[in-house]
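Chain by chain, the residues run as shown.
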Amino acid sequence: MQLPKYDSYKDSGVAWLGEIPEHWECDCIRAATTLKSEKNQPDLEVLSVYREYGVIPKDSRDDNHNATSLDTSAYKVVKPGDLVVNKMKAWQGSMGVSEHEGIVSPAYITCKTNQEDFHPKYLHYLLRSKTYVGVYNAISYGVRVGQWDLRYEDFKKITIPIPTKTEQERIVSFLDQKTAEINEAIAKKQKLIELLQEQKSILINQAVTKGLNPDAPMKDSGVEWIGEIPAHWEVKRLKYASKIFRGKFTHRPRNDQRLYDGEYPFIQTGDVARAGKFVTSFKQTLNEKGLRVSTLVPSGTVVITIAANIGDVAIIDFDACFPDSVVGFSPHSMMDRDFLYYSMTAMKNVFIRSTTKNTQMNLNVESVGSNQITIPPHEEQINIVSYIERILEEQSSLSLNYESQINLLQEYKQSLISSAVTGKIKV
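Caption draft 1: Fine view of the sheet that holds strand S16 (residues 242-246). Strand order across the open sheet formed by five strands is S16-S22-S20-S21-S18, with mixed pairing between neighbours. On the outer flanks of this sheet lie S16 and strand S18 (278-279), each paired with one strand and no other. In the sheet, S16 pairs with strand S22 (residues 326-331) via five bridges, with the strands oriented antiparallel. Looking across to S22, one finds that Ser242 is bridged to Pro331. Lying on the sheet, helix H8 (residues 337-346) is in contact with S16, S18, strand S20 (302-305), strand S21 (313-316) and S22; it crosses S21 at an angle near 155°.

As structure tokens, this is what we get:
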């Protein structure tokens, strides 16, 4: 639906802002904010600033890995209605008007907002809109993106449009409703992607433990996680079904730069975690000296991570070395490589349950190799792999379609916000 525009417009005097409604005013951010730096209230709740959400309690999410200082007396106090800016990430839109009382990192910019002339939520929508994020990008300083810095002295000079207070309230009400509707639609798409992921796990587990013939006679495998298997299948320990490669160096290459920068790919746990079925890229290499304290493992080896990201499985697509946090398995003739890969993928929770718990969870090579897997006849393994990959391809296509829809919804939401707060549409 095409939303209406205002009856008449005027030039805002700023090229990137363009025209604004005739009766709106223009001023700088300093008209809406006053810099503040209240401290010494360490008992208040610690808040954090997210690009996606604005200012929220830090403990409300588990994906913020920035450590809170043991002494928070230097943290800045935030009241409801205050603007908080992560000056290092303003160029990403990491700011917001808080609805909470609490404290934030002393590295953040904190401002009291002029609530006589501005609805706090209107400022929240306006200053986080894609129109303004592009401006912060242009006026932030620094050599590298991750170290850019936005200064309040520059920030306060940015031009903002000022609708009447009544219009601000109407814009906020409109955007609250519309963004809630869009967010709900996005959440439904994300849930469908999660369901596809769950179906993927079920599909793989069912195929590698029960096969494709629902009428096949069954027998007890004697292994709890496997349960019953077709009567003509076998069960073997991984170490008897494949050759095991383990990282062999007396000290980790990452701790000795003399071993780096050569021609031999060096696979790390992150490379495996980021891979799909195949590891196709790498960030580190070893030289001849590094190779002497490692092992060059052949392309096609199935690898599993036994530290950090426990139980991630992939197939290396080239000859490579890896540390002792990765273990490789090259199947014997009885086992198809891809069937081994899917079997080990199905075993991730089995591997996690068998971790040793010291300072962090770890697997060891013996515990991995002692786990048992199914061994169908070789031709049946190939048929099972073919079936799995056909279904996964269909699921992947659906998942990509949902992700595309999510991206379109997110783009529409950002466009709607920018259009409403800058007067390009009338609400």
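Caption draft 2: Examining the environment of Leu70 more closely. With respect to the helices and strands, the residue Leu70 is situated in the loop between strand S6 (54-57) and strand S7 (76-78). A relative accessible area of 92% means that Leu70 is categorised as exposed. Measuring from C-alpha to C-alpha, the distance between Leu70 and Pro42 comes to 9.8 Å, with 28 residues separating the pair along the chain.

Caption draft 3: Summary view of the nonpolar core. Judged by nonpolar contacts, the single largest core of 45 residues is most densely connected at Val85, Leu127, Tyr136, Phe155, Ile160 and Leu175. Ranked by residues supplied to this core, first place goes to helix H4 (residues 165-210) with eight residues. Look past the residues within four positions of Tyr136 in its chain and what remains in contact with it is Ala90, Trp91, Met95, Leu127, Phe155 and Ile158. Counting residues in hydrophobic clusters, the runner-up holds 39 residues, among them Val208, Ala346, Ile384 and Ile388.

Caption draft 4: Representation of the pattern of salt bridges. Scanning the model with the defined rule gives 16 salt bridges in all. The residue Lys277 makes a salt bridge to Asp338 at a minimum N-O spacing of 2.8 Å. Here Lys277, found in the loop between helix H6 (269-274) and S18, pairs with Asp338, found in helix H8; they are 61 residues apart in sequence, far enough to count as distant. We classify Asp338 as buried; its relative accessible area is 13%. Among the salt bridges present, the one from Asp338 reaches Arg337, with a minimum N-O distance of 2.8 Å. We classify Arg337 as partly exposed; its relative accessible area is 28%. Each of Lys277, Arg337, Asp338 and Glu389 takes part in a single network of salt bridges with overlapping partners.

Caption draft 5: Up close: the packing of helix H1 (residues 120-128) against helix H2 (residues 130-139). Close contact between H1 and H2 brings their axes to 5 Å; oriented N to C, the two are set at 60°. In this view, H1 runs oblique relative to H2, as classed from their interaxial angle. Across from Leu126, Leu127 and Arg128 in H1, the residues of H2 making contact are Lys130, Tyr132, Val133 and Tyr136. Its residues assigned to classes, the contact of H1 with H2 shows five nonpolar, no polar and two charged.

How each quantity is defined
- Residues numbered from 1 in each chain as written.
- Predicted model: local features only at pLDDT ≥ 70, side-chain atom pairs only at ≥ 80, totals over all residues.
- Heavy atoms only, no water.
- Pairing = 2+ DSSP bridges.
- Helix = DSSP H or I, 4+ residues; strand = E, 2+ residues; numbered from the N terminus.
- Contact = heavy atoms within 4.5 Å.
- Axes fitted to C-alpha atoms, helices over the stretch in contact; angles between N-to-C directions.
- Buried < 20%, exposed > 50% of the residue type's maximum accessible area, 1.4 Å probe, protein only.
- Core = buried A, V, L, I, M, F, W, Y, C linked by side-chain atoms within 4.5 Å.
- Salt bridge = Lys/Arg side-chain N within 4 Å of Asp/Glu carboxyl O.
- Parallel < 35°, antiparallel > 145°, perpendicular 65-115°, else oblique.
- Nonpolar A, V, L, I, M, F, W, Y, C, P; charged D, E, K, R; others polar.

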